[in-house]
Amino acid sequence: MKEYKDFQEFYNKSLELTKLALSKTLNKKEAILYTRKNFNKSDLKSYYKIGILSKEQIKILSTKENIVKLSIDSMIKNILEHPDLSIYDYIKLNKILHYPDEFIQDRKNNLRIFKNIENKFYEIIIKSTQNKDENFLTTFHRCDISKLKQNKR
């Protein structure tokens, strides 16, 4: 397991593995399964630190750790499930985490964070591990304002 310090390098490695998985399978779902079954676990667990949780976010997640990581495994899944996002969107992750418009608890170990940047509405989901020692970004996608309203109910 490696920590990437350079996002471009992390993104390129994830993209390379995603393309390899797609070349061996018929669809996105199979590509995700292929990745998890055939790729080196250490590569998949390698990560990039996207930022630090606020005190309030730490309290919501009841986590012992303030760092948020994005693993190559999650990055591959995200590239496959949200092909509309480019590297320029991913570079905004730190800004979304640190300057959210809204964040809410979703299930016990999940935190949903919403941010509008240049009239594009983004959502990230951060999950804390069972033992509360690590926090990972599991999902990143574009959404619309109705999603936030729906989740606030």
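Anything mentioned here points back to the structure above.
This text gives an overview of the structure that appears in the document. (Residues numbered from 1 in each chain as written. Predicted model: local features only at pLDDT ≥ 70, side-chain atom pairs only at ≥ 80, totals over all residues. Heavy atoms only, no water.)

1. Notes on the side chain of Lys-115
To keep things clear, this is the line we draw: In this text, helices come from DSSP runs of H or I with a minimum length of four residues, and strands from runs of E with a minimum of two, each type numbered from the N-terminal end. Under the rule applied, a polar contact is a pair of N or O atoms within 3.5 Å (in protein, one hydrogen donor and one hydrogen acceptor; residues adjacent in sequence only if both atoms are side-chain atoms). Here, residues are in contact when the closest pair of their heavy atoms is within 4.5 Å.
Relative to the helices and strands, Lys-115 is located in strand S5 (residues 110-117). Of note is the side chain of Lys-115, whose polar atom sits 3.5 Å from the side chain of Asp-101. What Lys-115 contacts, discounting residues up to four positions off in sequence, is Ile-96, Tyr-99, Pro-100, Asp-101, Lys-120, Phe-121 and Tyr-122.

2. Some remarks on the sheet that holds S5
Cut-off, in case you're wondering: Pairing between strands is defined by DSSP: at least two bridges between the two strands are required.
Reading across from one edge, S1-S2-S3-S7-S6-S5-S4 is the order of the seven strands in this open sheet, with mixed pairing throughout. The open sheet has two edge strands, strand S1 (3-4) and strand S4 (102-106), and neither has a second partner. One ladder, built from eight bridges, connects strand S6 (residues 120-128) with strand S7 (residues 135-143); its direction is antiparallel. The partner of Ile-125 across the bridge, within S7, is Thr-139.

3. Looking at the packing of aromatic side chains
Put simply, the rule is: Classification of ring pairs uses Phe, Tyr and Trp, with its six-membered ring standing for Trp, and accepts pairs whose centres are within 6.5 Å; under 30 degrees between planes counts as stacked, over 60 as edge-to-face, and the remaining range as tilted.
Tallied over the entire structure, the rule returns ten aromatic pairs. Summarising the aromatic geometry, the rings of Phe-7 and Tyr-48 are spaced 5.1 Å apart at their centres and angled 75 degrees between planes, so their arrangement reads as edge-to-face. On the criterion of sequence distance, the pair formed by Phe-7 in helix H1 (residues 7-24) and Tyr-48 in strand S2 (residues 47-52) is long-range, its members being 41 residues apart. Plain terms: the ring middles of Tyr-122 and Phe-140 are 5.6 Å apart, the flat faces sit at 20 degrees to each other, and that makes the pair stacked. Residue Tyr-122 is located in strand S6, and its partner Phe-140 is located in strand S7; the two are separated by 18 residues in the primary sequence.

4. Topic: helix H2 (residues 28-38)
Which entries qualify depends on this criterion: Only protein chains enter the calculation, and the probe is 1.4 Å; a residue is then buried if its accessible area is under 20% of its type maximum, exposed if over 50%, and partly exposed in between. As used here, the arc belongs to the directions running from the helix axis to the C-beta atoms.
Among all positions in H2, only Ala-31, Ile-32 and Thr-35 are buried. For H2, the angular spread of the buried residues around the axis is 100 degrees, confining them to a single face. Looking at H2, the residues exposed on the side facing more than 90 degrees away from the buried face are Lys-29, Leu-33 and Lys-37. Buried residues along H2 sit against H1, helix H3 (41-45) and helix H5 (72-81).

5. Some thoughts on the pattern of salt bridges
Definition in use: One speaks of a salt bridge when a side-chain nitrogen belonging to Lys or Arg is within 4 Å of a carboxyl oxygen belonging to Asp or Glu.
Within this structure, the stated rule accounts for 13 salt bridges. Counted as one network, the salt bridges with shared partners bring together Asp-89, Lys-92, Glu-118 and Arg-142.

6. A look at the nonpolar core
Among soluble globular proteins, nonpolar side chains are generally buried collectively. Operational definition: What makes a nonpolar core is a set of buried Ala, Val, Leu, Ile, Met, Phe, Trp, Tyr and Cys residues whose side-chain atoms join them at distances within 4.5 Å.
Within the largest apolar cluster, 36 residues are counted, with the highest numbers of intra-cluster contacts made by Phe-7, Tyr-90, Ile-124, Ile-126 and Phe-140. Setting aside anything within four residues of it in sequence, one finds Phe-140 in contact with Asn-78, His-82, Leu-85, Asp-89, Tyr-90, Leu-93, Ile-96, Tyr-122, Glu-123 and Ile-124.

7. Notes on the environment of Met-75
Structurally, the position occupied by Met-75 is in helix H5. Taking the C-alpha atoms as reference, Met-75 lies 11 Å from Leu-85; in sequence the two are ten residues apart. Every residue in contact with Met-75, bar those within four places of it in the chain, is listed here: Phe-7, Phe-10, Tyr-11, Ser-14, Leu-70 and Tyr-90.

Keep in mind that these numbers describe shape and distance, not what the molecule does.
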